[in-house]
Amino acid sequence: MLTATDRYLARLIAVPMFATLVISAMLLVLDKMLSLFDFVAAEGGPVSVVWRMLASMLPEYLSLGIPIGLMLGILLAFRKLALSSELDVMRAVGLSYGRLLRVPYMYAIALALLNFGIVGFVQPLSRHAYEALRFELRSGALGASIKVGEFTTLGKRMTLRIERSRDEGRNLQGIFVRAVSRNGQSVAVTAEQGTFLATDDPDTIIFRLRNGVLVNDGPKYKTPRILSFSSHDLPIDLPQIERFRGRDNDREKTIPELVVIGHNADTPDKLKDEVRANFHFRMVEVVFMFLLPLAALAFAIPPKRSTSALGVFLSIVFIVTYHKINQYGESVGALGKIDPIIALWGPFVVASALVLWMYHVIAHRPGGQPTAALEYAFGKLGKQIVRLLKFGRRRSPAAAEGAA
């Protein structure tokens, strides 16, 4: 059963944890949004595709944002307890650090399972969906990207120009179409309105025109034939579009699929190295989350009579640096230069030893502070910077008088 202290600690962790998760995901999304808008605009696609692409990338951002949110949520909760001396009271009544970590580990287990589901099953499928959208934009599979006021070529023998587009492209106005057949006949059409309609043939669409004039000319005609119409259907042959590939990339495979490919004797060695590296990268990222409560506790508690926030900075550097080392280990393991187990689980062992040492110092050494040396060094550096700034302010009036 959870005690009142556990529930209090759970509330302290929840608010900064979820806030950090949301903020980190939003920052990553905003960073990508600008480049996606430029890409979609350059390809002539609709703006709605940007939101679909961002939604496809959200699982990848969450896989990084969840560990950061867990780390900072636990860290800021214990930091608040330490600065308000509540942590000293809890320790005085017999609550050990191991007992206080019960609630943080409940969060860690739940989020680790969630992250495993994301990186193991959701992220591969969303990555494939994102690449499919990029392919469709580049190949034109999202439809003919007709730009208002510009001449658009459909296939090899048809040119189209639209003056106005309303209702998200469902109502086109001020239309000019010119098509040339293989036997030399040409058709030029102007119409007030038009609408694209689907047909049973996926390679053909109907362009239904209203209130216009059609001019038909050819080598056998002495004079062009002119026809006024209230409604006319113009068939348009769509260009052949290459179908998007399947989930061939190892990053687009789920965990069970990676296991099957990795244990298949017919799998080429190069592909096997890539699959094993990606599998161990995902697993080590998830398992590392079980060390985060210990690391957050060690970074959270500042030295006595100190309100330094250095631990918050160091925690972010620590988790981001470890993630980048894992990415490098995955790339090296995929090339076959180092066994993926050594390239990825080796840094995990080193990071685990560091975290366990930090927890041992903070929990079992009286007055122990694993970041005390860094706190002292940064404190000295800060004092030197302040002293130089004050010295510069004192020199400036004297220099001004000398110049006068």
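Residues numbered from 1 in each chain as written. Predicted model: local features only at pLDDT ≥ 70, side-chain atom pairs only at ≥ 80, totals over all residues. Heavy atoms only, no water.

The subject of this paragraph is the overall build of the protein chain. Within the protein chain, the secondary structure is distributed over eleven helices and six strands. Within the protein chain, buried positions represent 40% of all 404 residues. Restricting to contacts in the protein chain with at least 6 residues of sequence separation, those with at least 24 account for 65%. Of the roughly 23100 Å² that the protein chain leaves accessible, carbon and sulfur atoms contribute 61%. (Helix = DSSP H or I, 4+ residues; strand = E, 2+ residues; numbered from the N terminus. Buried < 20%, exposed > 50% of the residue type's maximum accessible area, 1.4 Å probe, protein only. Contact = heavy atoms within 4.5 Å. Areas by Shrake-Rupley, 256 points an atom, 1.4 Å probe, with all protein chains shown as cover.)

Let's shift gears to the nonpolar core. Judged by nonpolar contacts, the single largest core of 58 residues is most densely connected at L70, F78 and F288. Examining the composition of this core, we find that eleven residues originate from one element, helix α2 (residues 48-83), more than from any other. One finds L154, V177, I205 and I236 within the second-largest nonpolar core, a separate group that totals 17 residues. (Core = buried A, V, L, I, M, F, W, Y, C linked by side-chain atoms within 4.5 Å.)

Attention shifts here to the UniProt feature "transmembrane region" (unreviewed entry) in the protein chain. When the UniProt feature table is mapped onto this chain numbering, "transmembrane region" (unreviewed entry) sits at residues 12-30, 61-82, 103-122, 279-301, 308-325 and 340-359. Helix makes up 100% of residues 103-122 and strand 0%, and the two end C-alpha atoms of the span are 27 Å apart. Along residues 340-359 one finds 100% helix and 0% strand; the C-alpha atoms at either end are 28 Å apart. (UniProt positions renumbered as here; feature names shortened; annotations may be inferred.)

Another point: the packing of aromatic side chains. Inspection of the entire model under this criterion finds seven aromatic pairs. Taken together, a centroid distance of 5.3 Å and an interplanar angle of 85° make the contact between W345 and F348 edge-to-face. With W345 and F348 both in helix α10 (residues 340-364) and three residues apart, the pair spans about one turn of that helix. When its relative accessible area of 23% is taken as the criterion, W345 is described as partly exposed. The exposure class assigned to F348 is buried, which follows from its relative accessible area of 14%. Three or more aromatic residues joined by ring pairs make a cluster, and in this case those are F288, F299, F318 and Y322. (Phe/Tyr/Trp six-rings, centres within 6.5 Å; stacked < 30°, edge-to-face > 60°.)

Time to look at unusual backbone geometry. Although it is not a glycine, S85 sits at a positive phi angle of roughly 65°. Among the secondary structure elements, S85 is positioned in the loop between α2 and α3 (86-92). Owing to a relative accessible area of 38%, S85 belongs among the partly exposed residues under this scheme. Residue N211 is not a glycine yet carries a positive backbone phi of 55°. Take N211: it is sitting in strand β5 (residues 204-217). Assessed through its relative accessible area of 40%, N211 is described here as partly exposed.

With respect to the element layout, G73 can be found in helix α2. Sequence-wise, G73 and P16 are 57 residues apart; in three dimensions their C-alpha atoms are separated by 4.8 Å. With near-sequence residues (within four places) excluded, G73 lies in contact with L12, I13, P16 and M17.

The next thing to look at is the pattern of salt bridges. The final tally for this structure, using the stated rule, is eight salt bridges. D6 serves as the salt-bridge partner of R99, at 2.8 Å between the closest nitrogen and oxygen. Taken together, the residues span a long stretch of sequence, with R99 in helix α4 (residues 97-100) and D6 in helix α1 (residues 4-43) at a distance of 93 residues. A salt bridge links E60 to R127, with the nearest nitrogen and oxygen atoms 3.6 Å apart. Highlighted residues: E60 in helix α2 and R127 in helix α5 (residues 102-139), separated in sequence by 67 residues. Take E60: its relative accessible area is 31%, and that puts it in the partly exposed class. (Salt bridge = Lys/Arg side-chain N within 4 Å of Asp/Glu carboxyl O.)

Before going further, it helps to examine the packing of helix α9 (residues 310-334) against α10. Axis angle and axis distance: for two packed helices, these are the angle between their axes and the distance between the axes, and together they describe the pair. Running from N to C, α9 and α10 point in directions that differ by 160°, and their axes come no closer than 7 Å. Regarding the angle of α9 to α10, the classification is roughly antiparallel. In terms of crossing hand, the pair formed by α9 and α10 is right-handed. Of the residues in α10, those in contact with F318, Y322, I325, N326, G329, E330 and G333 of α9 are P340, A343, L344, P347, F348, A351, L354 and V355. Residue classes in the contact of α9 with α10 are distributed as eleven nonpolar, three polar and one charged. (Axes fitted to C-alpha atoms, helices over the stretch in contact; angles between N-to-C directions. Parallel < 35°, antiparallel > 145°, perpendicular 65-115°, else oblique. Left-handed = near helix turned anticlockwise from the far one by under 90°. Nonpolar A, V, L, I, M, F, W, Y, C, P; charged D, E, K, R; others polar.)

All right, on to the pairing of strand β3 (residues 171-180) then. Counting buried positions along β3 gives seven out of ten residues, so the element sits mostly inside the fold. Bridge count for strand β2 (residues 158-166) against β3 is eight bridges, and the pairing is antiparallel. Bridge pairing links L160 to V177 in β3. (Pairing = 2+ DSSP bridges.)

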